[in-house]
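# Fold and geometry: a report
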Amino acid sequence: MTNRVAQLLGVEKPIIQASMAYLTDAKLVAAVSNAGGFGILGSVAPGQDYYEADVAKNLALMQKEVQATKDLTDKPFGLAVSPRPVLKRQAVTDATSGASQSEEKTKISDIAKEVNKLKTDTAQAQRDYDTTQDPFTDGQIKIAQAEGIKVVLYSGTLIPAWIDKFHAAGLKVLFRPTTPYAPIIKDAVQAGADAIVVTGFDEGGTVPVNVVGTFAALPLAVQAVAGKVPVIAAGGIVDHTTAQAAFALGAEGLYVGTAFLASDESRLAANIKQAIIDYDAEEVLMFRAPNSYYRSLPGELPNKLVAMDRDGKSADEIWQAAGDYDALRQGMLFGDLSKGIASVGLGISLIHEIKSSQAIVDDLYAGIPENKR
Ligand SMILES: Cc1cc2nc3c(=O)[nH]c(=O)nc-3n(C[C@H](O)[C@H](O)[C@H](O)COP(=O)(O)O)c2cc1C
């Protein structure tokens, strides 16, 4: 085994099943890991059919799902983490404008605005983010340690101090910026990330704000890391041809969501699995959502959201009509597109049948050149 990603993960094949909230569970994760790849339990309600808001109860459910996964595989698998970008109180006070800096001013909307500004300034983030205010991520670290998990997939805002915390707990870190800006990638490498997952606009889920496709984002990222750590490609990778293309552009690993949704083992509702087969990329809808866009297969509610976008409604209004992230639960877990949406990546044109995760991993692996395995 010479491939750096496979070595880092302790697996045979550098193929990672992406974090996808409710759509991940013990069965899918174990199936991918048993096939020689690396399954990941999402950070939002893996294996659940509702979102448990109580942190302690939520963590207990997550630990059970980790244990259920261990019952199904003795191969390595990972846990997704998404540390909350909480500003230190002092930083928030400095950042908010106006003379009367009362406690009232540090309300969520102010913090959200400041966090958005900090997203592009890691040096400031290093100073101003507080890593002591996220009991959920701390709890996930404890679960990882207790259950023998060795790798976390950290997606979201880069907070270097969190990378230090994960390392101090003995965890390797795959960092996936929501938007793969080259300066953020360089900062993440500097901060000690063990690998970078680069996600192009072709992906399903929350798409990057810079609207740069996978095969444009990938070479940019490969140049930014300058060989220091491996780059893992995400967005629209579903089979051996797209795997081969990603490796030709310098990827050393694959991060795959949608293709595994269309597997025998995934929890995706049967009617939506069928829709993935029936529709092609050009039929996938897109509408505004806070920060960027969201995609969906067509259906009653998704069609309405596109019409709202055309009518000039704001991203917040559209997202509220979608039902926020509950839209994914309604649309994908329960298959009801009158109440939810079905987010998929643009690789669906190459998905023609529902297969086992083993068959999907084997097909992806066939696209990886032998001298890069
Ligand atoms: C239904 C769905 C839900 C997702 N949920 C999450 C999530 O909760 N957290 C996250 O970091 N990424 C999430 N993603 C993004 C995936 O981790 C990954 O970046 C994406 O699936 C890769 O593109 P692909 O679907 O074209 O393979 C989600 C993707 C999908 C399709």
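Note that the structure is a prediction, hence the values are computed from the model and not measured. (Residues numbered from 1 in each chain as written. Predicted model: local features only at pLDDT ≥ 70, side-chain atom pairs only at ≥ 80, totals over all residues.)

## Overview of the pairing of strand S6 (residues 195–199)
Buried residues dominate S6, accounting for 5 of its 5 residues. Burial along S6 is two-sided: the residues Ala195, Val197 and Thr199 and Ile196 and Val198 are all buried. Taken together, the 2 bridges between strand S5 (residues 172–177) and S6 define a ladder with parallel strand orientation. Pairing of Phe175 across the sheet is with Ile196, part of S6. One ladder, built from 4 bridges, connects S6 with strand S7 (residues 231–234); its direction is parallel. (Buried ≥ 20, exposed ≤ 12 C-beta atoms within 10 Å, placed from the backbone. Helix = DSSP H or I, 4+ residues; strand = E, 2+ residues; numbered from the N terminus. Pairing = 2+ DSSP bridges.)

## Quick notes on the environment of Phe175
Note on placement: Phe175 falls in strand S5. C-beta crowding within 10 Å serves as the criterion here: with 27 such atoms nearby, Phe175 is assigned to the buried category. Measuring from C-alpha to C-alpha, the distance between Phe175 and Asp194 comes to 7.6 Å, with 19 residues separating the pair along the chain. Setting aside residues no more than four positions away along its own chain, Phe175 makes contact with Tyr154, Leu158, Ala188, Ala193, Ile196 and Val197. (Contact = placed C-beta atoms within 7 Å.)

## Some remarks on the sheet that holds S6
If you walk across this open sheet you meet the 8 strands as S1-S8-S7-S6-S5-S4-S3-S2, and the pairing is parallel. With partners counted over all chains shown, the strands left at the sheet margins are strand S1 (15–17) and strand S2 (40–41), one partner each.

## Section: the site of the ligand
Among the 26 residues in the neighbourhood of the ligand, the closest are listed as Glu203, Gly204, Gly205, Gly257 and Gly345. By residue class, the composition of the shell around the ligand is 11 nonpolar, 13 polar and 2 charged. Built from parts of two domains, the shell around the ligand gets at least three residues from each of domain 1 (4–85 + 130–267 + 352–372) and domain 3 (285–343). (Near = placed C-beta within 6 Å. Nonpolar A, V, L, I, M, F, W, Y, C, P; charged D, E, K, R; others polar. Domains from an automatic or database assignment.)

## What to know about the packing of helix H2 (residues 26–34) against helix H3 (residues 55–72)
It is the contact of H2 with H3, at a shortest axis distance of 9 Å, that shows an interaxial angle of 40°. Judged by the inter-axis angle, H2 sits oblique to H3. Here H2 and H3 pass one another in a crossing that is right-handed. Contacts between H2 and H3 pair Ala26, Lys27, Val29 and Ala30 from the former with Glu65, Ala68, Thr69 and Leu72 from the latter. Here the residues of the contact of H2 with H3 sort into 5 nonpolar, 1 polar and 2 charged. (Axes fitted to C-alpha atoms, helices over the stretch in contact; angles between N-to-C directions. Parallel < 35°, antiparallel > 145°, perpendicular 65-115°, else oblique. Left-handed = near helix turned anticlockwise from the far one by under 90°.)

## Points about the nonpolar core
Counting 113 residues, the largest nonpolar core has Ile196, Ile232, Ala233, Leu254 and Val256 as the members making the most contacts within it. When residues of this core are assigned to domains, at least three map to each of domain 1 (4–85 + 130–267 + 352–372) and domain 3 (285–343). Every residue in contact with Leu254, bar those within four places of it in the chain, is listed here: Pro14, Ile15, Ile16, Ile232, Ala233, Ile237, Ala243, Ala246 and Leu364. (Core = buried A, V, L, I, M, F, W, Y, C linked by C-beta atoms within 7 Å.)

## Some points on the environment of Phe334
As for its position among the elements, Phe334 is in the loop between helix H16 (326–333) and helix H17 (357–366). For the pair Phe334 and Asn271, spaced 63 residues apart in sequence, the C-alpha to C-alpha distance is 9.3 Å. Beyond its immediate stretch of four places on either side in the chain, Phe334 contacts Ala269 and Arg329.

## A closer look at helix H13 (residues 270–278)
What H13 keeps buried is the set Ile272, Lys273, Ala275 and Ile276. Down the axis, H13 shows its buried residues gathered within 160° of arc, on one side only. The exposed set on the far side of H13, more than 90 degrees from its buried face, consists of Ala270, Ile277 and Asp278. At its buried positions, H13 is contacted by helix H12 (258–261) and H16. (Arc of directions from axis to C-beta.)

## Quick notes on unusual backbone geometry
Positive phi values are uncommon outside glycine, yet Val211 reaches one of about 55°. Position of Val211 among the secondary structure elements: in the loop between S6 and helix H10 (214–225). A residue is classified by how many C-beta atoms lie within 10 Å of it, and Val211, with 12 of them, is exposed. With a phi close to 50°, Ala226 is a non-glycine residue in the positive phi region. Position of Ala226 relative to the elements: it lies in the loop between H10 and S7.

## Focus: the confidence of the model for the protein chain
Chain-level pLDDT for the protein chain is 91 on average; 89% of the residues reach the 70-or-more range. Overall, residues 93–108 carries pLDDT values under 50, and its contacts beyond four positions in sequence, including any with other chains, amount to 10 contacts. (pLDDT = per-residue confidence, 0-100.)

## Some remarks on the packing of helix H14 (residues 300–310) against helix H15 (residues 315–322)
Contact geometry for H14 and H15: axes closest at 10 Å, N-to-C directions at 165°. One element, H14, and the other, H15, form an angle in the roughly antiparallel class. Considering how the two elements wind past one another, H14 and H15 form a crossing that is right-handed. Only Glu317, Ile318, Ala321 and Ala322 of H15 make contact with H14, whose side of the interface consists of Leu301, Leu305, Met308 and Asp309. Across the contact of H14 with H15, the residue classes tally to 6 nonpolar, no polar and 2 charged.

## Considering helix H7 (residues 135–147)
When the terminal C-alpha atoms of H7 are compared, their 18 Å separation across 13 residues agrees well with the 18 Å that a helix rising 1.5 Å per residue should span. Of the surrounding secondary structure, the elements contacted by the buried residues of H7 are strand S3 (78–81), strand S4 (151–156) and helix H8 (160–168). Immediately downstream of H7, the backbone of Gly148 shows phi near 80°, a positive value. (Expected span 1.5 Å × (residues − 1).)

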